[in-house]
Amino acid sequence: MTAQVGPSRRRRLLFVCVENSNRSQMAEAFARMLGGDAVEVYSAGSRPSGAVNPKAVEAMREVGDDLSRHRSKSLEDIPQGEYDFVATMGCGDACPFVRARRREDWEIPDPKDPPPEEFRAVRDLIREKVQAVLAELGVSR
């Protein structure tokens, strides 16, 4: 389904990483937290792991979001159509083409195995990038 045209339409965002277990899950959560009803947000992986990393669940719990009910998804699991913004994170050539008005490759390290302080630093970097994109798209709460 295509979003309605006009300044008040919901913005469609997609965040893609390799496993959809850390970075893209956190980006999706921040976009929902910060964008509210003004956004339609999805995340997916080029090779989904099947589960969200417990470290990501804990890191997001610290900032008031619950990823425990999320699942790792593939690009086949998300709605087709054009997105207003797509961010890829670390999947390189494995990130298939998704129609987007705007796309960026975010060079964010994979926080799969670092200590909690480094994991939090990646989480906070993702929050900053999501905030910036929402502002550029004219989304405010």
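Only a predicted model underlies this, so the values are computations on that prediction, with no experimental measurement involved.

What counts, and where the lines are drawn
- Residues numbered from 1 in each chain as written.
- Predicted model: local features only at pLDDT ≥ 70, side-chain atom pairs only at ≥ 80, totals over all residues.
- Heavy atoms only, no water.
- Buried < 20%, exposed > 50% of the residue type's maximum accessible area, 1.4 Å probe, protein only.
- Helix = DSSP H or I, 4+ residues; strand = E, 2+ residues; numbered from the N terminus.
- Pairing = 2+ DSSP bridges.
- pLDDT = per-residue confidence, 0-100.
- Contact = heavy atoms within 4.5 Å.
- Phe/Tyr/Trp six-rings, centres within 6.5 Å; stacked < 30°, edge-to-face > 60°.
- Lys NZ or Arg CZ within 6 Å of the ring centre and 35° of its normal.
- Core = buried A, V, L, I, M, F, W, Y, C linked by side-chain atoms within 4.5 Å.
- Right-handed = clockwise from strand over helix to strand, strands pointing away.

Undergrad: Before we go on, may I ask you to explain the pairing of strand β3 (residues 85-89) in this structure?
TA: Consecutive residues of a regular strand have side chains that alternate between opposite faces of the sheet. Along β3, five of the five residues are buried, which leaves the element largely enclosed by surrounding structure. The alternating pattern of β3 places Phe85, Ala87 and Met89 on one face and Val86 and Thr88 on the opposite face, and all of these are buried. Bridge analysis of strand β1 (residues 11-17) against β3 gives five bridges, and the strand direction is parallel. Looking at the pairing, Leu14 lines up with Val86 of β3. Both β3 and strand β4 (residues 103-105) contribute to a ladder of three bridges, which runs parallel.

Undergrad: I would appreciate a short explanation of the confidence of the model for the protein in the present structure.
TA: Atom-level detail of predicted coordinates should not be read off regions where pLDDT is low. Put simply, the protein has an average pLDDT of 89, and 90% of its residues get 70 or more. When the elements of the protein are averaged for pLDDT, β4 gives the smallest value, 92, and helix α1 (residues 23-35) the largest, 97. Predicted confidence is poor over residues 1-6, with pLDDT under 50, and the contacts of this stretch with residues over four places away or in other chains come to six contacts.

Undergrad: Hey, could you run me through the packing of aromatic side chains in this one?
TA: By convention here, two paired aromatic rings are described through the distance between centres and the angle between planes. Within this structure, the stated rule accounts for four aromatic pairs. Plain terms: the ring middles of Phe15 and Trp106 are 5.7 Å apart, the flat faces sit at 45 degrees to each other, and that makes the pair tilted. With Phe15 in strand β1 and Trp106 in the loop between β4 and α3 (116-136), the pair connects residues that are 91 residues apart, well separated along the chain. With relative accessibility at 0%, the residue Phe15 sits in the buried group. On the numbers, 6.1 Å between centres and 85 degrees between planes, the contact of Tyr42 with Tyr83 is edge-to-face. Of this pair, Tyr42 sits in strand β2 (residues 39-45) while Tyr83 sits in the loop between α2 (54-61) and β3, and the two are 41 residues apart along the sequence. Each member of the pair Tyr42 and Tyr83 is classed as buried. Linked through ring pairs, Phe15, Phe85 and Trp106 together constitute an aromatic cluster. Taking the ring centre of Tyr83 as reference, the NZ or CZ of Arg12 above it sits at 4.3 Å.

Undergrad: What am I meant to see in unusual backbone geometry here?
TA: With the exception of glycine, the majority of residues adopt a negative phi angle, and the majority of peptide bonds are in the trans configuration. With a phi close to 50 degrees, Asn20 is a non-glycine residue in the positive phi region. In this fold, Asn20 is placed in the loop between β1 and α1.

Undergrad: Sorry if this is basic, but what is going on with the nonpolar core here?
TA: Most often, soluble globular proteins keep nonpolar side chains buried together rather than apart. Counting 29 residues, the largest nonpolar core has Leu13, Phe15, Leu67, Phe85, Trp106, Ile126 and Val130 as its most contacted members. Looking at this core, the elements with two or more residues in it are β1, α1, β2, α2, β3 and α3. At six residues, α3 tops the list of elements feeding residues into this core. Residue contacts for Trp106: discarding those within four places in its chain leaves Phe15, Phe85, Ala87, Thr88, Met89, Gly90, Lys129, Val130 and Val133. With 11 residues, the next largest nonpolar core counts Ala44, Leu75, Val86 and Cys91 among its residues.

Undergrad: What exactly am I supposed to notice about the pairing of β2 here?
TA: Taking burial as the measure, the seven residues of β2 include seven buried ones, the bulk of the element. Regarding the hand of the β-α-β motif, the stretch spanning β1, α1 and β2 is right-handed.

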